[in-house]
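# A closer look at the structure
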Number of protein chains: 2
Amino acid sequence: VSRLLAPGGPDAVAVVLVGDELLLGAVADTNGAWLARTLTGSGLRVVDVEVAPDDEQRIAAAVRRVAGLARTVVVSGGIGPTSDDVTRAALARACGCALVRDDDAGRQISEWFTSHGRSVPEPALRMAERPACAAMVVNPHGSAPGVRLDLAGTTVYAVPGVPAELRSMVRSVVLPAILAGVGATVRTASTSLEVVLLGESAVARRLAAVEADIDTDPTAELAYLARPAHVSVRLSVRREPPDQAQARLDDLVVRAEAALGADVMGRDGVSLPAVVLRLLVEAEQTVSVAESLTGGGVAEALTSVPGASAAVRGGVVAYTGEVKSALLDVSPGLLAAHGAVHPEVAAQMARGVRRRIGADWGVATTGVAGPDSADGQPPGTVHVAVDGPQTRRVRTLNLPGDRVRIRTLAVAHALDLLRRSVAGLPEPGNARESETRQGR
Amino acid sequence: VSRLLAPGGPDAVAVVLVGDELLLGAVADTNGAWLARTLTGSGLRVVDVEVAPDDEQRIAAAVRRVAGLARTVVVSGGIGPTSDDVTRAALARACGCALVRDDDAGRQISEWFTSHGRSVPEPALRMAERPACAAMVVNPHGSAPGVRLDLAGTTVYAVPGVPAELRSMVRSVVLPAILAGVGATVRTASTSLEVVLLGESAVARRLAAVEADIDTDPTAELAYLARPAHVSVRLSVRREPPDQAQARLDDLVVRAEAALGADVMGRDGVSLPAVVLRLLVEAEQTVSVAESLTGGGVAEALTSVPGASAAVRGGVVAYTGEVKSALLDVSPGLLAAHGAVHPEVAAQMARGVRRRIGADWGVATTGVAGPDSADGQPPGTVHVAVDGPQTRRVRTLNLPGDRVRIRTLAVAHALDLLRRSVAGLPEPGNARESETRQGR
């Protein structure tokens, strides 16, 4: 396993993320994820990521270490003007040469400030320093230039930590240079299948034959990326010539899709709300949402998709029995007899919101998110319902986990029920799978 | 700078994040950020983070390297049942002993599956393996047990990569054990102030005097952790004896809070929805929500807080003009004359939902999330409104960024307007700041 992420080779890249804030847990590391996704998406392989504090010695050690693993190293952060920006000094230390002032860079920095109507602050000229053996890299989006140098055959780039500046410098300079050096032949071809509400081990059982085939093929790899309510199955082939890699990949994808059936909602990172929205727009149909335990999460997910207003009319969050009756026409007698956590309540909510708001489809959630029991039912007891053209479906669930997880899974179940209803797909199959389904 | 992040010392912790998916950029690394934040919040110091692929040799090398920097190493991921879960084997390699089957762990795994009504899958028993020198760690939330071992004086923990399981194992086992080993004297005393909807540079301007003081004190540190709509200001002091550290910290906190005023919503990681909910519960008041561009996000945020049903009655997502009139009594004439993106529409939505659902407070959002303009207004044009006892407020905004960011900021503005209204705090002050406010 992980054969495709082995160090070495012209397509191997390592990343050093510089910044105290990352070690303090301040910020989720968006630069690392973006670099990994972008470089991988271009057929390159990120083989190592290290996070280093704003410390000259530690950064130098990290760069020297990962330079032994990859032909290219990208160091992000620590090239700004303040005294805690020490990446340039660390690179000078790593390659054993002095820091020098680059006159061209000094001029460009001065011009950048002048063209933005500002005087040049004294510390800004620190950004014109570079190791004597290095070259400067133009920053299309900010004042801090990047740095490029050679370390025993590995090319090291220092780029800004500000996400917009990092992205533009990587896209415009770093990535084209790496790809030019690599050539087309060694790049990795890959596709991911997005599987909804099926546990990783259930997915693995279905893919046993595909996996057995891949196990005997050193050019192919399969990886599972589990998220709440969602497993991405990533199939990769690294083989020459590239058209053979693509043909092999296509064959694996077709077989994996056949084994996973309707539980595959799409490919290459597509999200469940986006799939549902596309189905509705294609059918020229609309939806409205009635929510109890998810509290707006289903509507929020659907409207997070650009263009949602083409299909989403609105929704009602009914967190009390009164609101369920007053705005969704749920029978007060039903609520009095059974409480709000009941499949028929979910069905009436879906029908009520569909009629009150006027939409082709109504989708509803009710249940207990926890941490406490409610209506005599334990946390995780959930009913989701869909009401639409010639269609009424209710899915009853016993979801695991804490409040956040139960709500996340309930949103996914509501959207998946709607997906299958709009697409005319059956509900998920046999008992063993629906157990697993409940387990994730 | 970075004075508090130097390696070594009993309070130093290093982290190895295992998983091909992290190097493929498939998932943003939430575990690393959570671990850093949680350990730092307990007075420990995370001095290194490395991301390693699902590869035995690479994980072993990473563990050996960071064990030289810290007294504790936390390895997350790679302890599940599938063939790409190789962390246990990597730890055996790192400490030079064999993998053995742990009988107690095998029984616990079997019981876990049985108690969840499932038969034990054959691969699950791989999770009962551990290096001969290691002990198992109970997983309170899942089937995969953790592992603990000693590597030349450094304690290494392997914990699950599934975030909920990682968090519960770290909270219940790993963190208490580290803290017990460290003792109180070397811990870093720290507090964070949670500042809402003010940019990092605006916060820094307000804290200039506090920062100048800290710059001359090698035992103190200030860090900004910027998130969307939210900056955490972390003040830390590492000094012996601990009561002196606490006294110095208390002084800094008081001065920083005075400088930041009503823009501080709370301390130590509190979230804006939790603050709003606490204020409502304390006042014994209720709220309902009317949303257009946020599509359910405000209601979702409020109901994400445990105990939300004590104050939240419900809401209406009105994504079309018809729904705004039919369910929220927004004047059709107003909509015809000005479109939906208008301050008076927000005000009528807030009043309408308050009356229709029957709550002390109504809060509403309308605007353009993008990517396209709507009603002749560009993305980012947003109005949020509150209607309550003797109170009507509207905040008009011109928000930057893409669809996700505009929606996130609009949710935060609606909740902040409600926070200030319920607490009787004034709207934010002068022009310079409200520019910055709009900028984040």
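## Some points on unusual backbone geometry
Residues and elements named next belong to chain A. A cis amide bond, omega -10°, links Glu-240 with the succeeding residue Pro-241. Within the secondary structure, Pro-241 is located in the loop between β11 (230–237) and α9 (242–260). The omega torsion of the bond from Gly-370 to Pro-371 falls at 5°, within 30 degrees of zero and hence cis. The phi dihedral of Ala-152 is positive, around 50°, even though this residue is not glycine. With respect to the helices and strands, the residue Ala-152 is situated in the loop between β7 (146–151) and β8 (154–159). Judged by relative accessible area, Ala-152 falls into the exposed class, the value being 84%. Backbone geometry places Asp-375, a non-glycine residue, at a positive phi of 50°. Relative to the assigned elements, Asp-375 resides in the loop between β15 (361–367) and β16 (381–388).

## What about the packing of aromatic side chains?
Residues and elements named next belong to chain A. All chains considered together, the criterion is met by two aromatic pairs over all chains. Aromatic pair Trp-112 and Phe-113: ring centres 5.1 Å apart, planes at 80°, arrangement edge-to-face. In this structure Phe-113 comes out as buried when scored by relative accessible area, which is 5%.

## Section: the sheet that holds strand β2 (residues 45–52) of chain A
Taken in spatial order, the 12 strands make up an open sheet running β6(A)-β7(A)-β8(A)-β3(A)-β1(A)-β2(A)-β2(B)-β1(B)-β3(B)-β8(B)-β7(B)-β6(B), and their pairing is mixed. With one partner strand each, in any of the chains shown, β6 (135–137) of chain A together with β6 (135–137) of chain B form the two edges of the open sheet. The average undirected angle you get between the axes of adjacent strands in this sheet is 20°. Bridge count between strand β3 (residues 72–76) of chain B and strand β8 (residues 154–159) of chain B: five bridges; the pairing is parallel.

## Side note on the pairing of strand β1 (residues 12–18) of chain B
Residue and element names in this part refer to chain B. Burial analysis of β1 places seven of its seven residues in the buried class, which makes it a mostly covered element. The side-chain alternation of β1 yields two buried faces, one formed by Ala-12, Ala-14, Val-16 and Val-18 and the other by Val-13, Val-15 and Leu-17. In the sheet, β1 pairs with strand β2 (residues 45–52) via seven bridges, with the strands oriented parallel. Bridging from a neighbouring strand, Ala-12 pairs with Arg-45 of β2. Two elements, β1 and β3, share five bridges in a ladder whose sense is parallel. Among the inter-strand pairings, Leu-17 is bridged to a residue of β3, identified as Ser-76.

## A few points about the relation of the copies chain A and chain B
In this structure, two copies of a chain are linked by a rotation about an axis accompanied by a shift along it. For the pair chain A and chain B, the superposition axis carries a translation of 2.2 Å, the fit reaches an RMSD of 2.9 Å, and the rotation angle comes to 180°. Take the interface residues of chain A: 91% of them recur as interface residues in chain B, which is what a same-surface contact looks like.

## Notes on the packing of helix α8 (residues 208–215) of chain A against α9 of chain A
Residues and elements named next belong to chain A. Where α8 contacts α9, the axes come no closer than 9 Å and their chain directions differ by 155°. Classified by the interaxial angle, the pair formed by α8 and α9 is roughly antiparallel. You can see that α8 and α9 cross each other, and the crossing is left-handed. Seen from α8, the contacting residues are Ala-209, Val-210, Asp-213 and Ile-214; seen from α9, they are Arg-248, Leu-252, Arg-255 and Ala-256. Tallied by class, residues from the contact of α8 with α9 come to five nonpolar, no polar and three charged.

## Observations concerning the nonpolar core
Counting 58 residues, the largest nonpolar core has Leu-35, Leu-39 and Leu-44 of chain A together with Leu-35, Leu-39 and Leu-44 of chain B as its most contacted members. When sequence neighbours within four positions are dropped, the list of residues in contact with Leu-35 of chain A reads Val-15, Thr-40, Val-46, Val-74, Leu-166 and Val-170 of chain A.

## Considering the pattern of salt bridges
Per the counting criterion, the structure on display carries 60 salt bridges over all chains. Across the pair Arg-65 of chain A and Glu-50 of chain B runs a salt bridge, and its minimum N-O distance is 3.2 Å. One end of the pair, Arg-65 of chain A, is in helix α3 (residues 56–67); the other, Glu-50 of chain B, is in strand β2, on a second chain. Across the pair Asp-213 of chain A and Arg-255 of chain A runs a salt bridge, and its minimum N-O distance is 2.8 Å. Here the residue Asp-213 of chain A occupies a position in helix α8, and Arg-255 of chain A occupies one in helix α9, the gap between them amounting to 42 residues. Since its relative accessible area comes to 30%, Arg-255 of chain A is described here as partly exposed. In this structure, a network of salt bridges that share partners links the residues Asp-48, Glu-50, Arg-58 and Arg-65 of chain A together with Asp-48, Glu-50, Arg-58 and Arg-65 of chain B.

Quick notes on the rules
Residues numbered from 1 in each chain as written. Chains lettered and ligands numbered in written order. Predicted model: local features only at pLDDT ≥ 70, side-chain atom pairs only at ≥ 80, totals over all residues. Heavy atoms only, no water. Helix = DSSP H or I, 4+ residues; strand = E, 2+ residues; numbered from the N terminus. Buried < 20%, exposed > 50% of the residue type's maximum accessible area, 1.4 Å probe, protein only. Phe/Tyr/Trp six-rings, centres within 6.5 Å; stacked < 30°, edge-to-face > 60°. Pairing = 2+ DSSP bridges. Axes fitted to C-alpha atoms, helices over the stretch in contact; angles between N-to-C directions. Least-squares fit on C-alpha atoms with pLDDT ≥ 70 in both. Contact = heavy atoms within 4.5 Å. Parallel < 35°, antiparallel > 145°, perpendicular 65-115°, else oblique. Left-handed = near helix turned anticlockwise from the far one by under 90°. Nonpolar A, V, L, I, M, F, W, Y, C, P; charged D, E, K, R; others polar. Core = buried A, V, L, I, M, F, W, Y, C linked by side-chain atoms within 4.5 Å. Salt bridge = Lys/Arg side-chain N within 4 Å of Asp/Glu carboxyl O.

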